[in-house]
Amino acid sequence: EPNPALGLRGIRLSLRFPELFRTQIRSILRAAVHGPVHLLLPMLGGPDDAQRSRALIREAEEELRAAGVPFQEGVPVGGMIEVPSAAITAPQMVEILDFVSIGTNDLIQYTLAIDRGNESVSRWYDPLHPAVLRLISAVIDTAQAMGKPVTLCGEMAGETRFTALLLALGLTDFSLHPRGILELKEILARLQRKPLMQLKKRVLEAGNAEAVAKLLQGIQA
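Summary of the structure given here. What you are looking at is a predicted structure, and each value in this text was computed from that prediction instead of being measured.

Criteria and cut-off values
- Residues numbered from 1 in each chain as written.
- Predicted model: local features only at pLDDT ≥ 70, side-chain atom pairs only at ≥ 80, totals over all residues.
- Heavy atoms only, no water.
- Helix = DSSP H or I, 4+ residues; strand = E, 2+ residues; numbered from the N terminus.
- Rg over C-alpha atoms; globule rule 2.2 N^0.38 Å.
- Buried < 20%, exposed > 50% of the residue type's maximum accessible area, 1.4 Å probe, protein only.
- Contact = heavy atoms within 4.5 Å.
- Areas by Shrake-Rupley, 256 points an atom, 1.4 Å probe, with all protein chains shown as cover.
- Lys, Arg positive; Asp, Glu negative; His and termini not counted.
- Charge placed at Lys NZ, Arg CZ, Asp CG, Glu CD.
- Core = buried A, V, L, I, M, F, W, Y, C linked by side-chain atoms within 4.5 Å.
- Salt bridge = Lys/Arg side-chain N within 4 Å of Asp/Glu carboxyl O.

## Some thoughts on the overall build of the protein chain
- What the protein chain contains, in helices and strands, is 13 helices and four strands.
- Computed over the C-alpha atoms, the radius of gyration of the protein chain is 19 Å, within 12% of the 17 Å expected from 2.2 N^0.38 for a compact globule of 221 residues.
- Taken along its principal axes, the extent of the C-alpha atoms in the protein chain is 60 × 40 × 30 Å.
- Out of the 221 residues belonging to the protein chain, those deemed buried represent 44%.
- Taking all contacts inside the protein chain whose residues are at least 6 apart in sequence as the whole, residues at least 24 apart take part in 65%.
- Accessible area of the protein chain: about 11,700 Å², with a carbon and sulfur share of 53%.
- Within the protein chain, the 24 negative side-chain charges are centred at a point lying 5 Å from the centre of the 24 positive side-chain charges.

Encoded structure:
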């Protein structure tokens, strides 16, 4: 496609070809008999995508049940929040899903209209942009208020320079590459969450990324 980042990818591809999607789901549900499995739906654009996906998952379950094939009932179904429209409709999304994961790489590029693979515009790709932080914070607040697990993945989760910021926004679960776990644990051991939470209002009211960076300066020193 001319612009694959805005094209037929993620859950859009699955919903375009429902038979392929159900085949994948049946395989996952059968595998879940042998160990714990969570289903995570990528690139959800909003509640409609989530509802249609869950309907197809129920159809796959019925197909297995009718065929007498063993499968795991009640596999948790979550959604990636990596599109601004999904973040903005977080209350409806969280109600439909069992858990959510904030995908920061795509959320940043879609929110700021920046191709994260294009070096010509890389200076505008900024995880500390106020718009990005407000979306992340809103999703975390919504999920926690509704009693649903929320985690965050992408480069922000693995870069320890953002750890204090994410704690300030209320995040408690990080998803990252195994090679970064030890460093993250060392940073977390030095930080106190309660004082960081007191920064949250000031962080979200900051007018630009530089102001956010200044607020966080020295916290992880």
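## Observations concerning the nonpolar core
- Residues Ile136 and Leu165 are the most contacted members of the largest nonpolar core, which totals 64 residues.
- Ranked by residues supplied to this core, first place goes to helix α7 (residues 130-145) with seven residues.
- Among residues more than four places away in sequence, those in contact with Leu165 are Leu128, Leu133, Met156, Val203, Val212 and Leu216.

## Focus on the pattern of salt bridges
- Enumeration according to the criterion identifies eleven salt bridges in this entry.
- Close ionic contact of Arg65 with Glu62 constitutes a salt bridge, the shortest N to O distance being 2.6 Å. Of this pair, Arg65 and Glu62 are both found in helix α3 (residues 47-67), three residues apart, which corresponds to roughly one turn of the helix.
- Owing to a relative accessible area of 48%, Glu62 belongs among the partly exposed residues under this scheme.
- Its salt-bridge partner being Lys201, residue Glu205 comes within 2.6 Å of it at the nearest N-O pair.

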